[in-house]
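The primary structure of each chain is shown beneath.
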Amino acid sequence: MEFETIPTVPTADEVLDRSLRRAAAKKKQKINIDRANEEFVRAVASAIHDKLKSVVASFPSFERLPPFYQEAADILVSLDRLKKSLGAVTWAADQVRTIGSGYARSMRSAEETDRVRRQAVARIASVVHQVEDDLLFLNEARNILRKLPHVNEGEFTVVVAGYPNVGKSSFIRLVSTAEPEIAAYPFTTKGVIVGHRDIGRRERIQFIDTPGVLERPADERNPIERQAVSAIINTADVVLFILDASEHCGYTLDDQVRLLEEVRGFVDVPVVAVANKADIRGIEGCPAMSTLTGEGVEAALDLLLIYRKDTTQTNLREPPQPGTQE
């Protein structure tokens, strides 16, 4: 994932301090004081310009990112704000280079190059400090985006959805051959689990456990809930919707079924409904499993594998509906 490679974004003072130290080292190499002052200004401007440009270049092109990452970035840190701050840093880099070049040329005819050097550094520092807030924001955004889970676009993906505490994470832990990768989202202590299961020698299934999506209007959902919806829409090849007929999750079965129908309405991929906690209570006509006892878990996985094969066909077989007989 490209966000993982973004280095720490320096503060304005850090940019200035590093650049001034490098320029001072170059200045010592010049015997002529006027040439030394000119070289100092050029070196400061060049170092700051290059550093600010590298900050901008370290962020990916958001338009080229997969839709899931675009939406997640917009929810978490605002793409508009990101683009504005990156644009401000680009402006500062260009301004610093222009200021440095102008002052360096003027030194060749100046009587007091020390004074011109100080003026140049003051103006350059003023420009860098103008984007202090942008640099701080970019570093904060970098720290947030690095925590997004790694999702492989090329793998068959099962998004596991449903109300909180219905057994989504437990299912993934049971069917994944390796210990699931856990990435903690900002704004919540709950992590998003990405697990994998090998199928044959060269293929594997990717499972994504979404945060619990509450059934309420989209404009009332919090950032984590909107990310869950985004994950369902943008990454799923099939959605496994887990119901808790026992209602021990804290939500009525009617509410859960309404959310199931909502999910069916905004995806174009198969939605497989499975009743978990079947050791307590099942749902007539709905595949059953218990992540506590393990009963029915492999059968649910087999059902998903059928849909993995069916995704290459034009007409997909509809999954069984809760409360109906196949």
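**As for a positive patch on the surface**
No. 1: Side chains of R18, R21, R22 and K51 sit close together on the surface and give a patch of like positive charge.
No. 2: It is helix α1 (residues 12–27) that provides the largest number of residues to the positive patch, a total of three residues.
No. 3: Within the secondary structure layout, K51 lies in helix α2 (residues 33–58).

**Focus: the packing of aromatic side chains**
No. 1: All chains considered together, the criterion is met by five aromatic pairs.
No. 2: Aromatic side chains F3 and F62 sit 6.3 Å apart centroid to centroid with 35 degrees between the ring planes, which places their arrangement in the tilted category. On the criterion of sequence distance, the pair formed by F3 in the segment before α1 and F62 in the loop between α2 and α3 (67–77) is long-range, its members being 59 residues apart. Of the two residues examined, F3 and F62, each falls in the buried class.
No. 3: Centroid distance F171 to F207: 6.2 Å. Interplanar angle 75 degrees. Geometry classified as edge-to-face. One end of the pair, F171, is in helix α7 (residues 168–175); the other, F207, is in strand β4 (residues 203–209), and 36 residues separate them in sequence. Of the two residues, F171 and F207, both sit in the buried class.
No. 4: An aromatic cluster is defined as three or more aromatic residues linked by ring pairs; in this entry it consists of F3, F62, F68 and Y69.
No. 5: Lying across the ring of F137, R81 places its NZ or CZ 4.0 Å from the centre.
No. 6: Directly above the ring of F40 sits R117, whose terminal nitrogen or CZ lies 5.7 Å from the centroid.

**Quick word on the side chain of R264**
No. 1: If you trace the backbone, R264 turns up in helix α9 (residues 253–266).
No. 2: Here R264 falls in the buried class, since its relative accessible area comes to 17%.
No. 3: A distance of 3.1 Å separates a polar atom in the side chain of R264 from the backbone oxygen of V271.

**Structural notes on α9**
No. 1: For α9, which comprises 14 residues, the first-to-last C-alpha distance of 20 Å matches the rise-based estimate of 20 Å (1.5 Å per residue) to within 8%.
No. 2: Those residues of α9 not exposed but buried are L253, Q256, L259, L260, V263 and R264. The buried side chains of α9 occupy one side of the element, clustering within an arc of 145 degrees when seen end-on. Turned more than 90 degrees from where α9 packs its buried face, D254 and G265 sit exposed.

**Looking at unusual backbone geometry**
Leaving glycine out, the prevailing phi sign among residues is negative, and the prevailing peptide bond configuration is trans.
No. 1: Backbone geometry places S78, a non-glycine residue, at a positive phi of 75 degrees.
No. 2: Along the polypeptide, S78 turns up in the loop between α3 and α4 (79–106).
No. 3: Phi is positive for N165, which is not a glycine, with a value near 70 degrees.
No. 4: Mapped onto the secondary structure, N165 falls in the loop between β1 (156–161) and α7.

What counts as what
- Residues numbered from 1 in each chain as written.
- Predicted model: local features only at pLDDT ≥ 70, side-chain atom pairs only at ≥ 80, totals over all residues.
- Heavy atoms only, no water.
- Patch = residues over 30% accessible without salt bridge, like charges linked within 9 Å, V, L, I, M, F, W, Y side chains within 5 Å.
- Areas by Shrake-Rupley, 256 points an atom, 1.4 Å probe, with all protein chains shown as cover.
- Salt bridge = Lys/Arg side-chain N within 4 Å of Asp/Glu carboxyl O.
- Lys, Arg positive; Asp, Glu negative; His and termini not counted.
- Charge placed at Lys NZ, Arg CZ, Asp CG, Glu CD.
- Helix = DSSP H or I, 4+ residues; strand = E, 2+ residues; numbered from the N terminus.
- Phe/Tyr/Trp six-rings, centres within 6.5 Å; stacked < 30°, edge-to-face > 60°.
- Buried < 20%, exposed > 50% of the residue type's maximum accessible area, 1.4 Å probe, protein only.
- Lys NZ or Arg CZ within 6 Å of the ring centre and 35° of its normal.
- Polar contact = N/O pair within 3.5 Å; in protein donor to acceptor, adjacent residues only side chain to side chain.
- Expected span 1.5 Å × (residues − 1).
- Arc of directions from axis to C-beta.

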